Amino acid sequence: MGPAIPKIVHFFGLFILCSMFEGSLSAQFKVSSTISVVAALGSDVLLPCRLIPEMNAEKMEIRWFKPRYQPYVHLYINGKDNYSIQMPQFANRTELLKENITIGIFPLKIHKVTAQDSGKYYCFVESSDHHSMATVQLQVTAVGSLPVISSNTYTSNEPAFCESCGWLPEPSLIWTDTQGIRVIPSKEKVYRDEKSLYCIFSIISLPDSSNITCTVLNSVNQSKYHSKPIRETGLPVTCRDQYSRYIVLWPCLVALIVCIGYIYHQSKELKRLRAELDNSPVNGICAAGYTPNGCTSSDHGTHGNVPSAPVNGICAAGYVPIGSTSSDHGTQGKNSADHSQSTVQV
C-alpha cells in the first residue's frame, strides 16, 4: 500500500497538468488572410481576415492598420467600431463586416478605393490572453490611355516618341518592330500625375523596319498598344505621299489662281469700258465748238448750219450742256438769222 500512494499522486498530478495545458491550447488562435487582393480603381474591395480554429471574436479587439499601429484603418473594440484615431484618408470609407464574427470571420470592406489605398494591410486580433496577426497586400489597378506614337518624319533612324498616362500599378513600356524584336529605348521616364496615377514616356531611334509598335503594360497583365508604319531612310517620297501631303494645298492654290485671274479680267474689262465711254461722241453728235475724244474737225460739217467756231457759251442746236435751258436754243437761232442777214447785205 505504501509504494502505491506516490504513484496515485503522481498520476493525478499529470492529469491536472495535462488539463491545464489543454485549456491553454484551446484559448490560442491564429489569424489568417490571403496573400493579395486586386481591385479596380474606384471599386469596393473586401480584405479577408479570420481566426483558426473557428471561435467567437465578439469580445476581442480587431485592428486593421497600415503601415503603423495607429492611426489605424479601422478599429473594433469592446463590441463596437471606434473611429476616434482613424486615418483621415479612410474616413467614411471602411466597414467591418460582422455577420460571421461569432465563428471568427470579419473581413474589412473599403469603399471606392483610390491609388493611395494600395499597400500592405495588417489584421491584428487580441483576446484577453492571446494575440495574433496576418497581412494582406492590396493592389489597386487602373488601365491607362492608349499609347501615342509620334515622330516628325516616321523614317528609319529618326527619333520617335511614345507616351501613355493613367496606369496602376507602375507600368512598363516595350518597343517592337515588324518581326516582334524588341527595340531598346534611348530614354525612358516614369512619373506620377496629380491623381497619383503613373505616366510613362519613351524615346527610340526608328529601326529599318516597316512597322513599329509601342506596348504599355502593368504587373497584373493589363496592357494597351499602338502601331505605326515606317518609311526606309533614303527612299524618295512616293506619289502617294506627295498626294497625301498636298491633298489640301493644291485645291486651295487652284482656287486662288482662279480668283486672281477673274479679278484681273474684270479689271481689264472695266478699263476698256471706261476708254470706250471717254472716246464716244456725246449722244452721237460732235457739236460745233465742242470736239470730244473721237470727233474730228470734219465732223462739224456733218450738221449743216452748225458753225465750226467754238460755242463759247452759246447752246448749239441739238446740244444742251449742263446749265443751259431749252430757251437758249432760241437765242442761237436768232444769232444764226442775224448772221445770215449780214451775209446777204455784203
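Residues numbered from 1 in each chain as written. Predicted model: local features only at pLDDT ≥ 70, side-chain atom pairs only at ≥ 80, totals over all residues. Heavy atoms only, no water.

- In the nomenclature of an unreviewed UniProt entry, the protein is known as Butyrophilin subfamily 3 member A2 isoform X2 of Xenopus tropicalis.
- Of the protein, the UniProt comment under Subcellular location (unreviewed entry) reads exactly: "Membrane". (UniProt positions renumbered as here; feature names shortened; annotations may be inferred.)

1. Concerning the nonpolar core
Then, in step 1: L47, W64, F106 and W175 are the most contacted members of the largest nonpolar core, which totals 49 residues.
Then, in step 2: If you tally residues by element for this core, the top one is strand β11 (residues 131-141), at four residues. (Core = buried A, V, L, I, M, F, W, Y, C linked by side-chain atoms within 4.5 Å. Buried < 20%, exposed > 50% of the residue type's maximum accessible area, 1.4 Å probe, protein only. Helix = DSSP H or I, 4+ residues; strand = E, 2+ residues; numbered from the N terminus.)

2. Digging into unusual backbone geometry
Then, in step 1: Residue P67 follows K66 across a cis peptide bond; omega there is -20°.
Then, in step 2: Looking at where P67 falls in the secondary structure, it is placed in the loop between β5 (61-65) and β6 (74-77).
Then, in step 3: Residue P169 is reached from L168 by a cis peptide bond, and omega for that bond is -10°.
Then, in step 4: As for its position among the elements, P169 is in the loop between β13 (159-167) and β14 (172-177).
Then, in step 5: Its identity as a non-glycine residue notwithstanding, N157 has a phi of 70°, on the positive side.
Then, in step 6: Inspection of the secondary structure assignment puts N157 in the loop between β12 (148-150) and β13.

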